[in-house]
Amino acid sequence: MKEGLIKDIYEIIIKEIQTVLTFAYLVFVGIGMIFTYQRYAQFGINIFDYADIFEFLIAPFSDLKIMLFSTITLIGVILLLKLDNVIKRKYPKNYARMNFGWDKKSWFDMYRYSMFAVLFVTYLFISAKVYAKNTAAKIRSGNSATIIYTNNETTKGIIIGKTNSILFILQNEKVKAIPLNAAVKEFEVN
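Since we're looking at a predicted model, the values are computed, not measured. (Residues numbered from 1 in each chain as written. Predicted model: local features only at pLDDT ≥ 70, side-chain atom pairs only at ≥ 80, totals over all residues. Heavy atoms only, no water.)

### Quick look at the pattern of salt bridges
For clarity, the cut-off: The term salt bridge refers to a pairing of a side-chain nitrogen on Lys or Arg with a carboxyl oxygen on Asp or Glu at a separation within 4 Å. What counts as a helix is a DSSP run of H or I of at least four residues, what counts as a strand is a run of E of at least two, and both are numbered from the N terminus. The rule is simple: take the accessible area with a 1.4 Å probe, protein chains only, and divide by the maximum for that residue type; under 20% is buried, over 50% is exposed, in between is partly exposed.
Across all of its chains, the model carries four salt bridges by this definition. Notably, a salt bridge pairs Lys88 with Asp109, separated by 3.5 Å at the nearest N-O pair. Highlighted residues: Lys88 in helix 4 (residues 64-90) and Asp109 in helix 6 (residues 108-140), separated in sequence by 21 residues. Classification of Lys88 as partly exposed rests on a relative accessible area of 27%. The closest approach of N and O atoms between Glu173 and Arg140, which form a salt bridge, is 3.3 Å.

This is the structure we're talking about:
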């Protein structure tokens, strides 16, 4: 009897961990996509036209700043929801006053979670814009690179980023997309 109970508890915990990890991963991928899109949009590039889905699946893990931001944001939102629940439970009169008495309405919980979601998404987009502007400024002041083709032609510019098949460089404030195929022999960062 006791072993069966322990096994049931273990299975419930494993199931919940899988759900939480899956949800967290999906949130991280979404955040990574938003940040990556905003970064390239600073240069007029729609990265969705050039990257494939597998590149976005690893996007949040390719930049430590995005991963830290995602983790801190997710933890922050969870803590805010917990704090909201604690205030609602411990100080019901103040909570009702803060929410104009709406917390007594049947639709309030749906409204509350919807507002948290809207604020979360708005916060993400604003943060992604700020991150992208800062990153773009660093890229513009970065080192130039030289791309050498197989026919020994060269192109110089500042590397913006790359996908599996395209290298983006900034050349005199114009973006150049260079296919990474057999025609590119190498590129050097100066």
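### Here we look at the side chain of Thr36
Cut-off, in case you're wondering: Here a polar contact means two N or O atoms within 3.5 Å. Within protein one must be a hydrogen donor candidate and the other an acceptor candidate, and residues neighboring in sequence count only if both atoms are side-chain atoms. Whether two residues are in contact is decided by their heavy atoms, any of which lying within 4.5 Å being enough.
Assignment of secondary structure puts Thr36 in helix 1 (residues 2-41). The exposure class of Thr36 is buried, given its relative accessible area of 16%. At 2.7 Å, the side chain of Thr36 forms a polar contact with the backbone oxygen of Gly32. Apart from residues lying up to four places away in sequence, Thr36 is in contact with Ile47, Phe56 and Ala59.

### Considering the packing of helix 4 against helix 6
Note the following rule: Only the contacting stretch of a helix is used when fitting its axis, a line to C-alpha atoms as for every element, and angles between N-to-C directions run 0 to 180 degrees. Oblique is the label for any angle not under 35 degrees, not over 145, and not in the 65 to 115 range, which are roughly parallel, roughly antiparallel and roughly perpendicular in turn. The handedness criterion is simple: a crossing whose near helix is rotated anticlockwise from the far helix by less than a right angle is left-handed, and one whose near helix is rotated clockwise is right-handed. Under the scheme applied, nonpolar residues are Ala, Val, Leu, Ile, Met, Phe, Trp, Tyr, Cys and Pro; charged residues are Asp, Glu, Lys and Arg; polar residues are all the others, including Gly.
Contact geometry for helix 4 and helix 6: axes closest at 12 Å, N-to-C directions at 155°. Accordingly, the angle class assigned to the pair helix 4 and helix 6 is roughly antiparallel. Seen from above, helix 4 lies across helix 6 with right-handed handedness. Every residue of helix 6 that contacts helix 4 at Lys65, Ile66, Phe69, Thr73, Val77, Leu80, Leu81, Asp84, Asn85 and Lys88 is listed here: Asp109, Arg112, Tyr113, Phe116, Phe120, Tyr123, Leu124, Ser127, Tyr131 and Lys138. Per-class residue counts for the contact of helix 4 with helix 6 are eleven nonpolar, three polar and six charged.

### Comments concerning the pairing of strand 3 (residues 166-171)
What counts is decided by this rule: Should DSSP find at least two bridges between two strands, the strands are regarded as paired.
With respect to burial, strand 3 is a largely interior element, five of its six residues being buried. Relative to strand 3, strand 2 (residues 154-162) runs antiparallel, the two sharing four bridges. Looking across to strand 3, one finds that Ile159 is bridged to Ile169. Pairing analysis gives six bridges linking strand 3 to strand 4 (residues 174-179), with the strands arranged antiparallel. Across the sheet, the residue bridging to Leu170 is Val175, located in strand 4. Linking strand 3 back to strand 4 in an antiparallel pair, the connection comprises two residues, with Asn172 at a positive phi of about 55°.

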